[in-house]
Amino acid sequence: MTDRVRVDGAADDELAAAVAGLDRPDRPWFDRPPLDVAQGLLNAVLVSQGSAGTVALRITETEAYHGPRDPGSHAYRGRSARNEVMFRDGGHLYVYRHLGLHTCMNVVTGQAGEASAVLLRAGEIIVGQELAHTRRTAAGVVRSQVQLASGPARLTVALGVTMDDAGTDLLAPGSRLRLYVPRAPVAAFASGPRVGVGGAGAGPEFDWRRWIPGDPTVSAFRPGVTRRRAKQAD
């Protein structure tokens, strides 16, 4: 049964309506192949609560990464200080900086040691649009409400997620980040290559991006660039 979310000690009707018909997942929900979780997260709602207020996001686009089996994964070459969270139980958040500039957020899947995860690529802000817009405006230009969370970096800014949230357990009591998932995965979804992934991780066997067809918040596709190492002088 869906929890009734409370903000500042009072029932928040807008937020309660946003998660109506959705459920809080348990640990086994995340203990599945990353592609299954990537599909299951479509139309899920992620709620971020903090001192500035509450923002809720309906997830419209995801990307799966399969750890040591996946050349496109941060965990492909093993455990490191950067990717340590990926090796925890499913349900934790792997947050990282892309190119040292943009913060991106992943939901860890599977069991401890597997290092698989799902990147949250895009979504629709359904509660807290004004706060999300303020955050995004402070971080850059916002051309429309549709673009508030259209892209993984925009998404984290809108939700107020930072590197301080790395390692958050979405199932921990009192967590400021709470996930609500559909009772059944969406039947109609689109799939295709992951955005910005090149090289061996860009083959058709890695068409692991999932999105809601026709949703205006889905981000634009950008192919990856395969970088060649400079030839060393003899």
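Attention here is on the structure that accompanies the text.

The rules behind each value
Residues numbered from 1 in each chain as written. Predicted model: local features only at pLDDT ≥ 70, side-chain atom pairs only at ≥ 80, totals over all residues. Heavy atoms only, no water. Helix = DSSP H or I, 4+ residues; strand = E, 2+ residues; numbered from the N terminus. Buried < 20%, exposed > 50% of the residue type's maximum accessible area, 1.4 Å probe, protein only. Contact = heavy atoms within 4.5 Å. Areas by Shrake-Rupley, 256 points an atom, 1.4 Å probe, with all protein chains shown as cover. Lys, Arg positive; Asp, Glu negative; His and termini not counted. Charge placed at Lys NZ, Arg CZ, Asp CG, Glu CD. Axes fitted to C-alpha atoms, helices over the stretch in contact; angles between N-to-C directions. Parallel < 35°, antiparallel > 145°, perpendicular 65-115°, else oblique. Left-handed = near helix turned anticlockwise from the far one by under 90°. Nonpolar A, V, L, I, M, F, W, Y, C, P; charged D, E, K, R; others polar. Salt bridge = Lys/Arg side-chain N within 4 Å of Asp/Glu carboxyl O. Polar contact = N/O pair within 3.5 Å; in protein donor to acceptor, adjacent residues only side chain to side chain. Phe/Tyr/Trp six-rings, centres within 6.5 Å; stacked < 30°, edge-to-face > 60°. Lys NZ or Arg CZ within 6 Å of the ring centre and 35° of its normal. Core = buried A, V, L, I, M, F, W, Y, C linked by side-chain atoms within 4.5 Å.

What to know about the overall build of the protein
Phase 1 of the analysis: When helices and strands are tallied, the protein shows five helices and 11 strands.
Phase 2 of the analysis: Principal axes of the C-alpha set define a box for the protein whose edges measure 70 × 40 × 35 Å.
Phase 3 of the analysis: Classification of the 234 residues of the protein by burial places 50% in the buried group.
Phase 4 of the analysis: In the protein, the share of contacts with a sequence separation of at least 24, taken over all contacts with a separation of at least 6, comes to 63%.
Phase 5 of the analysis: Summed over its atoms, the accessible surface of the protein is roughly 11600 Å², and 51% of this surface lies on carbon and sulfur atoms.
Phase 6 of the analysis: Separation between the mean location of the 28 positive side-chain charges and that of the 24 negative ones in the protein comes to 7 Å.

Some remarks on the packing of helix α4 (residues 129-139) against helix α5 (residues 152-159)
Phase 1 of the analysis: One can describe the packing of α4 onto α5 by two numbers: an axis separation of 7 Å at closest approach and a directional angle of 125°. One finds that α4 runs oblique with respect to α5. Judged by the sense of rotation from one axis to the other, the crossing of α4 with α5 is right-handed. Contacts between α4 and α5 involve A132, R135, R136 and A139 from the former and R154, V157, A158 and L159 from the latter.
Phase 2 of the analysis: Partitioned by chemical class, the residues of the contact of α4 with α5 number five nonpolar, no polar and three charged.

Notes on the side chain of R136
Phase 1 of the analysis: Tracing the backbone through its elements, the reader meets R136 in helix α4.
Phase 2 of the analysis: With no salt bridge to any partner, buried R136 finds its closest opposite charge in E61, at an N-O distance of 13 Å.
Phase 3 of the analysis: In terms of polar contacts, R136 uses its side chain to reach the backbone carbonyl oxygen of L148, at 2.8 Å.
Phase 4 of the analysis: Setting aside its immediate chain neighbours within four residues, R136 contacts V141, V142, Q147, L148, R154, V157 and A158.

Observations concerning the packing of aromatic side chains
Phase 1 of the analysis: According to the stated counting rule, one finds three aromatic pairs in the structure shown.
Phase 2 of the analysis: Ring centres of W29 and F30 lie 5.1 Å apart, and the angle between their planes is 80°; this geometry places the pair in the edge-to-face category. For the pair formed by W29 and F30, the shared burial category is buried.
Phase 3 of the analysis: Between F206 and W208, the ring centres sit 5.0 Å apart and the planes meet at 75°, which makes this aromatic pair edge-to-face.
Phase 4 of the analysis: Of note, R24 hangs over the ring of Y180, and the distance from its end group to the ring centre comes to 5.4 Å.
Phase 5 of the analysis: Over the face of the ring belonging to W211 we find R209, whose NZ or CZ atom lies 4.1 Å from the ring centre.

Quick notes on the nonpolar core
Phase 1 of the analysis: Counting 33 residues, the largest nonpolar core has L41, M105, L120, I125, L159 and L179 as the members making the most contacts within it.
Phase 2 of the analysis: Among the elements that take part in this core, strand β5 (residues 53-66) stands out by supplying four residues, more than any other.
Phase 3 of the analysis: Dropping the residues within four chain positions of it, L120 is found in contact with L41, L46, I59, E61, T62, M105, V107, P152 and L155.
Phase 4 of the analysis: Counting 13 residues, the second-largest nonpolar core is a separate cluster that includes V85, A115, A117 and L119.

Comments concerning the pattern of salt bridges
Phase 1 of the analysis: According to the stated counting rule, one finds 10 salt bridges in the structure shown.
Phase 2 of the analysis: Here D23 makes a salt bridge to R183, at a shortest N to O gap of 3.1 Å. On the criterion of sequence distance, the pair formed by D23 in strand β3 (residues 22-23) and R183 in the loop between β9 (177-182) and β10 (190-192) is long-range, its members being 160 residues apart.
Phase 3 of the analysis: Using a relative accessible area of 60% as the deciding quantity, one classes R183 as exposed.

Function-wise, these values are silent; they only describe arrangement.
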